[in-house]
Amino acid sequence: PNDLLVQESISERYVRRGYALAGQRDFEGAIELYQLALEIYQQTGNLYEEGYLHYWTGTALKELTQYEAAINAFEQSFAVFDTAFSSEPSPSEREIYGKSLALIGIADIYYDQGDKLNELLYEEQAINLLRELPPSDFFLIHLSSFAQLLGQLGRSEESISTYQEA
């Protein structure tokens, strides 16, 4: 048990240092630290932290415009969150939030690439997940951007009704 605490403490330090490097736009350095922490969390079975590390790795890869690798990391994040909470009778807030972040990460990549249809597909999946939770600023921000995207794609009625929901 003590060894587990020591390992998780080390991985937390890697994650914090990775966040700092990402903040300084050293995304390669951040990814290296996220991967070190990820190895520890995989060994300790901490799926929740593992899911977030895949997400943060995807975010850093996106900043490096390594889109295919970033999408893969976001998909891994989604899968880990799906697995981590699969034994629960209904989705938890942590599962829904984690999975929606992964989907929004993929939607952001399609936004960067100007692929509005795929952006819409992933943003809509995230919105549908977030609808299962009490309304939050996070949800309302993404609902508004989803409504704007619908409007840009000429889906005016859906856009208006989505804005009204927000």
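Everything below is about the structure printed above this text.
Analysis parameters
- Residues numbered from 1 in each chain as written.
- Predicted model: local features only at pLDDT ≥ 70, side-chain atom pairs only at ≥ 80, totals over all residues.
- Heavy atoms only, no water.
- Helix = DSSP H or I, 4+ residues; strand = E, 2+ residues; numbered from the N terminus.
- Buried < 20%, exposed > 50% of the residue type's maximum accessible area, 1.4 Å probe, protein only.
- Contact = heavy atoms within 4.5 Å.
- 1 Å grid on protein atoms, 1.4 Å probe; cavity = no way out; pocket = protein on both sides within 12 Å on 5 of 7 lines; lining within 4 Å.
- Points joined across faces, edges and corners; volume = space filled by probe spheres on them.
- Nonpolar A, V, L, I, M, F, W, Y, C, P; charged D, E, K, R; others polar.
- Salt bridge = Lys/Arg side-chain N within 4 Å of Asp/Glu carboxyl O.

Draft legend 1. The arrangement of unusual backbone geometry in detail. Although it is not a glycine, R25 adopts a positive phi angle of roughly 70°. Mapping R25 onto the fold places it in the loop between α1 (2-23) and α2 (27-44). Judged by relative accessible area, R25 falls into the exposed class, the value being 55%. A positive phi angle, near 55°, is found at T65, a position not held by glycine. Examined against the element boundaries, T65 turns out to sit in the loop between α3 (47-63) and α4 (67-84).

Draft legend 2. Spotlight on the side chain of E95. Position of E95 among the secondary structure elements: in helix α5 (residues 93-112). For E95, a relative accessible area of 6% puts it in the buried group. Ignoring sequence-local partners within four residues, the contact set of E95 consists of F81, D82 and F85.

Draft legend 3. Seen up close, the layout of surface pockets. A volume near 210 Å³ is recorded for the largest pocket. What lines the largest pocket is D108, Y111, K116, E119, E123, I141, H142, S145, F146, Q148, L149 and Q152. Those elements that place two or more of their residues in the lining of the largest pocket are α5, α6 (116-130) and α7 (137-152). In terms of residue count, α7 provides more of the lining of the largest pocket than any other element does, seven residues in total. Of the residues that constitute the lining of the largest pocket, the class distribution is four nonpolar, four polar and four charged.

Draft legend 4. Region of interest: the pattern of salt bridges. By the definition in use, this model includes five salt bridges. In this structure, the salt-bridge partner of K99 is D82, at a minimum N-O distance of 3.0 Å. With a gap of 17 residues between them, K99 in helix α5 and D82 in helix α4 connect regions that are remote in the sequence. By relative accessible area, which is 37% here, D82 ends up partly exposed. Here E95 ties to K99 by a salt bridge, and the two come within 3.1 Å at their closest N and O atoms. Of this pair, E95 and K99 both sit in helix α5, four residues apart, which is roughly one turn of the helix.

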